[in-house]
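Close look at the chain arrangement
If you want the building blocks of each chain, they are given just below.
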Amino acid sequence: MSVGYVPVQWNRQKRIYDAIVVGSVLGYLCLWVLCGKLIWRGAESISDEILILRGLGSCAFLLLTVILLIGPVARLDRRFLPLLYNRRHLGVLTCLIACAHGILAIGYYHGFGVDNPLFSLFVNSAGYRSFAGINFELFGAGALVILITLASTSHDFWLRNLSPRIWKRLHMLVYVAYGLLIAHVGLGALQTDRNWAFVFTVLVSVLSVSAAHVAAAMKEASVDQGTHAHDGWIDAGLEKDIPMNRARTVCASGGERIAIFRHADGLAAVTNVCAHQGGPLSEGRIIDGCITCPWHGWQYKTDGCSPPPFQERVATYQVRVVAGRVQVSSQPSRPQTAQSRSATHG
Amino acid sequence: MDDSSSFYVGYLPVPRPLIRFLWLALPLLVGAAWMVALLAAGSQPSPGNGIWHDADVQHYRGRVVLWPYPILLPTDHPERGYLLVESGKHGAQRDWPALVGHEVEATGRPLERDKALMIELDPGEAGLSVVASAPQGTLPAATGEEIRTLRGEIVDSKCFLGAMKPGHGKTHKACATLCIKGGIPPLFISKTRDGYDYWLICGADGKPLPESLWPLIADPLEIKGRIESMGGVRRILVAPTDIRPL
Ligand code: HEM
Ligand code: FES
């Protein structure tokens, strides 16, 4: 959470996370280059630059696939939450690898000639004649611009200064980048060489990212309850059905999800959207009396305010229990007015 | 797994059951990624058998012809013509009127693929200089009148003969265009059962490939033209109207 900003807030788990990721990436690149060198040797060897460039490109693509999978997979099975905790570092590393690929490609394919390499990128691979002949490298360049933008605004400093809403919108561009990459690979490498293993990898990647998102959305829709408001109150089921220190969600008619927690002193309802990066608070827990977000562990007291010295707030909702059934107000209380929401048993 | 004791918070100690799960899941995930590296890297197709002897400076003696691209016909093996290019993506730009037909010495690094040969000349005088200024004998005549229809693509000869591997296909389009713009002789390559067959490609008038055709480089094409050979080098002469994008 944010009181002061340091470039990287490392802790033991982030260090382990980063070590595993960097080790895996180095292993991937070494295996790629080694295997490429063994498979075609002597007069038939692949140029080193192209071998490395392909290894970097495919590595960045796979990393981005994993990044996009972590969110929905962690919602389907919360044991994957540890992968989400430090996803930002994964994103920055992906960007660095993609940059290396892009720089190598521009230098090798567009350098050494009569044109400026960046100018060449636009004019010399330009088959604007037909869809199949289209300039696939510009799709890669577009994706790279997005990745660089996201990596350089990934820090919580930007989250705070751009406002979480704008930050979140900006970071949704990662899906645009993934789409551009599919075009980059589909209209480039896959149209040149018959590398079936790579075609298969791209297909499986795209299908699993799509399937995981659909499955997570379906799961989310299926847990939404009580969308009908009567006199401004939404029914949220039986109080005893909410496990201790955990939450249940309901969906207000405006589409906003509300997380209703049961804790030792009663019930508390807050928006489901974490003030940090919009993590699903309802999938969190109450720890030390605080609602704790499952994504990066930001905490809020049951009045929606973070414990001091932190100053984050989330919107709260009134809750009451009528004949054993929980009801939650369909309109948020103003987030500024911290109010006690011990349940009024009626 | 769903009780609070196994809830993960990054800055708190990791619950035991979760550690056990991660010990299983992470190696599987990383193993799958490494498997992709092995399989995808191992399934890359052959980049062809061109070789660039880029550390092996050689000297050649012979005569230069423009056909329409510069070719050196060695004195001892006039049937083994070498295409001449400069370093980088540049064709040989020399004072041709002063060189053509004379006996010259060429110095540079050879490239070869199958029976096709090329020299990347050293820069300046050191790369190509006249040794006997009187024209020596007669130059070999071009033979062949065969008209053929071929399917394939236009590439640049330097990359295809070994400077870049692979040096063909759509991913190589930008590089091939840059090379041909820079004066590297263009080749037309056509797939055969066990590799490629290839010819220098030039206009129907025997002049270099017209600039208007550069946008078609690396695109799948069907072309029809006359095939000739001279000094072990083959070329196809094609009118723009006989080029059909596929
Ligand atoms: C300026 C930006 C970029 C340029 C100029 C560029 C250029 C290229 C080129 C020329 C190739 C073909 C290589 C070959 O097989 O000969 C390629 C392949 C590829 N690129 Fe990019 N690229 C860029 C950005 C990206 C980014 C951002 C990513 C991923 C995050 C990416 C992922 C890939 C992948 C996966 C391949 C296929 C590799 C293979 O054949 O195994 N590229 N790119
Ligand atoms: S989204 Fe990061 S802690 Fe909630």
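Calculation notes
- Residues numbered from 1 in each chain as written.
- Chains lettered and ligands numbered in written order.
- Predicted model: local features only at pLDDT ≥ 70, side-chain atom pairs only at ≥ 80, totals over all residues.
- Heavy atoms only, no water.
- Contact = heavy atoms within 4.5 Å.
- Buried area = accessible area lost by both parts, 1.4 Å probe.
- Salt bridge = Lys/Arg side-chain N within 4 Å of Asp/Glu carboxyl O.
- Polar contact = N/O pair within 3.5 Å; in protein donor to acceptor, adjacent residues only side chain to side chain.
- Helix = DSSP H or I, 4+ residues; strand = E, 2+ residues; numbered from the N terminus.
- Nonpolar A, V, L, I, M, F, W, Y, C, P; charged D, E, K, R; others polar.
- Pairing = 2+ DSSP bridges.
- Phe/Tyr/Trp six-rings, centres within 6.5 Å; stacked < 30°, edge-to-face > 60°.
- Buried < 20%, exposed > 50% of the residue type's maximum accessible area, 1.4 Å probe, protein only.
- Lys NZ or Arg CZ within 6 Å of the ring centre and 35° of its normal.
- Expected span 1.5 Å × (residues − 1).
- 1 Å grid on protein atoms, 1.4 Å probe; cavity = no way out; pocket = protein on both sides within 12 Å on 5 of 7 lines; lining within 4 Å.
- Points joined across faces, edges and corners; volume = space filled by probe spheres on them.
- Near = heavy atom within 4 Å.
- Core = buried A, V, L, I, M, F, W, Y, C linked by side-chain atoms within 4.5 Å.
- Domains from an automatic or database assignment.
- Disulfide = S-S within 2.5 Å.
- Patch = residues over 30% accessible without salt bridge, like charges linked within 9 Å, V, L, I, M, F, W, Y side chains within 5 Å.
- Areas by Shrake-Rupley, 256 points an atom, 1.4 Å probe, with all protein chains shown as cover.
- Axes fitted to C-alpha atoms, helices over the stretch in contact; angles between N-to-C directions.
- Parallel < 35°, antiparallel > 145°, perpendicular 65-115°, else oblique.
- Left-handed = near helix turned anticlockwise from the far one by under 90°.

Thoughts on the interface of chain A and chain B
- Contacts between chain A and chain B engage 71 residues on the former and 59 residues on the latter.
- Both faces combined, the contact of chain A with chain B buries some 5400 Å², and carbon together with sulfur accounts for 64% of it.
- In terms of surface lost to chain B, no three residues of chain A exceed Q13(A), R79(A) and Y109(A), which account for 12% of the buried area on that side.
- Summed over the shared surface of chain A and chain B, the number is one salt bridge.
- Along the contact surface separating chain A from chain B lie 24 residue pairs in polar contact (both at pLDDT 80 or more).
- The leading source of residues in the side of chain A that touches chain B is helix α1 (residues 12-39) of chain A, at eleven residues.
- By residue class, the composition of the side of chain A that touches chain B is 33 nonpolar, 26 polar and twelve charged.

Here we look at the sheet that holds strand β8 (residues 299-300) of chain A
All names here are of chain A.
- Within the open sheet, the three strands sit side by side as β6-β7-β8. Their pairing is antiparallel. For this open sheet the edge positions go to β6 (285-287) and β8, each flanked by a neighbour on one side alone.
- One ladder, built from two bridges, connects strand β7 (residues 290-292) with β8; its direction is antiparallel. Directly across from T292, in β8, lies its bridge partner Q299.

What about the packing of aromatic side chains?
- By the definition in use, this model includes nine aromatic pairs over all chains.
- Ring geometry for F61(A) versus Y178(A): centroids 5.5 Å apart, planes at 10 degrees, classification stacked. Separated by 117 residues along the polypeptide, F61(A) in helix α2 (residues 48-76) and Y178(A) in helix α9 (residues 173-186) bring together distant segments of the chain. This pair shows no difference in class: F61(A) is buried, exactly as Y178(A) is.
- Note on Y60(B) and Y82(B): the rings are 4.9 Å apart at their centroids and 55 degrees apart in plane angle, and the pair reads as tilted. In this pair, Y60(B) sits in strand β2 (residues 58-66) while Y82(B) sits in strand β4 (residues 82-85), placing the two residues 22 residues apart along the sequence. Each member of the pair, Y60(B) as well as Y82(B), carries the same accessibility label: buried.
- When the ring centre of W295(A) is taken as origin, the NZ or CZ atom of R87(A), which lies over that ring, is 5.4 Å away.
- Lying over the aromatic face of F160(B), R113(B) brings its terminal NZ or CZ to 3.8 Å of the ring centre.

A look at helix α4 (residues 87-110) of chain A
- Between the first and last C-alpha of α4(A) there are 33 Å, a value that for 24 residues agrees with the 34 Å anticipated at 1.5 Å per step.
- Once α4(A) ends, the next one or two residues include F112(A), with phi positive near 65 degrees.

A few points about the pattern of salt bridges
All names here are of chain A.
- Under the defined criterion, the tally for this structure stands at 20 salt bridges over all chains.
- Between R325 and D235 there is a salt bridge, with the nearest N and O atoms lying 2.8 Å from each other. One end of the pair, R325, is in strand β10 (residues 325-333); the other, D235, is in strand β2 (residues 233-238), with 90 residues separating them in the sequence.
- The partly exposed category is assigned to R325, whose relative accessible area is 35%.
- Given a relative accessible area of 26%, D235 falls into the partly exposed group.
- One network of salt bridges, with partners in common, ties together R75, E220, R257 and E283.

Re the layout of surface pockets
- In this structure, the second largest pocket spans a volume of roughly 1400 Å³.
- What lines the second largest pocket is a set of 49 residues, and nearest its centre among them are L83(A), A25(B), L26(B), L29(B) and V30(B).
- Listed by contribution, the elements that provide at least two residues to the lining of the second largest pocket are α1, α2, α3 (81-85) and α11 (196-223) of chain A together with α1 (16-42) of chain B.
- Broken down by element, the residue count for the lining of the second largest pocket peaks at 15 residues, all from α1(B).
- Partitioning the lining of the second largest pocket into residue classes produces 40 nonpolar, eight polar and one charged.

Side note on the site of ligand 1
- Lining the immediate environment of ligand 1, one finds 25 residues, of which R54(A), G57(A), H101(A), Y109(A) and H184(A) sit closest.
- Residue neighbours of ligand 1 fall on chains A and B, so the site bridges chains.
- Within the side chain of Y109(A), one N or O atom sits 2.6 Å away from an oxygen atom of ligand 1.
- Separating a nitrogen atom of ligand 1 from a side-chain N or O atom of H184(A) is a distance of 2.8 Å.

Quick word on the nonpolar core
- L161(B) and I223(B) are the most contacted members of the largest nonpolar core, which totals 119 residues.
- With 14 residues, α2(A) is the largest single contributor of residues to this core.
- Taken domain by domain, the makeup of this core includes at least three residues from each of domain 1 (51-132) and domain 2 (143-245) of chain B.
- Setting aside residues no more than four positions away along its own chain, I223(B) makes contact with R148(B), T149(B), L150(B), F188(B), I201(B), I236(B), V238(B), D242(B) and I243(B).

Brief notes about the state of the cysteines
Residues and elements named next belong to chain A.
- Tallying each qualifying case throughout the model produces zero disulfides over all chains.
- C99 carries a free sulfur, and the closest cysteine sulfur to it, the one in C95, is 4.2 Å from it.
- No disulfide involves C290; its nearest neighbouring cysteine sulfur is the one of C305, lying 11 Å away.
- Here C290 falls in the buried class, since its relative accessible area comes to 8%.

Some details on a nonpolar patch on the surface
- Together, F119(A), F122(A) and V123(A) give the surface a local cluster of nonpolar side chains, amounting to about 290 Å² of exposed area.
- Take V123(A): it is sitting in helix α5 (residues 117-123).

Regarding α1(A)
- Here α1(A) contains 28 residues, and its C-alpha end-to-end distance of 40 Å stays within 8% of the 40 Å for a straight helix at 1.5 Å per residue.
- Put simply, N11(A) is the residue that caps the front of α1(A), since its side-chain oxygen is 3.1 Å from the backbone nitrogen of Q13(A).

Here we look at the packing of α2(A) against α9(A)
Residues and elements named next belong to chain A.
- It is at 11 Å that the axes of α2 and α9 come closest, and there the two elements cross at 140 degrees. With respect to their mutual orientation, α2 and α9 come out oblique. Helix-helix and strand crossings are classified by hand; for α2 and α9 the assignment is left-handed. Here F61, L64, T65 and L68 of α2 lie close against α9, whose contacting residues are V174, Y175, Y178 and L181.
- Residues of the contact of α2 with α9, tallied by class, amount to seven nonpolar, one polar and no charged.

Overview of the domain arrangement of chain B
Residue and element names in this part refer to chain B.
- On domain assignment, one finds that chain B holds domain 1 (51-132) and domain 2 (143-245).
- Taking the mean C-alpha position of each, domain 1 and domain 2 sit 20 Å from one another.
- With 29 residues of domain 1 at the contact, the number on the domain 2 side is 32 residues.
- Carbon and sulfur atoms make up 67% of the area that domain 1 and domain 2 hide from each other, which totals about 2300 Å².

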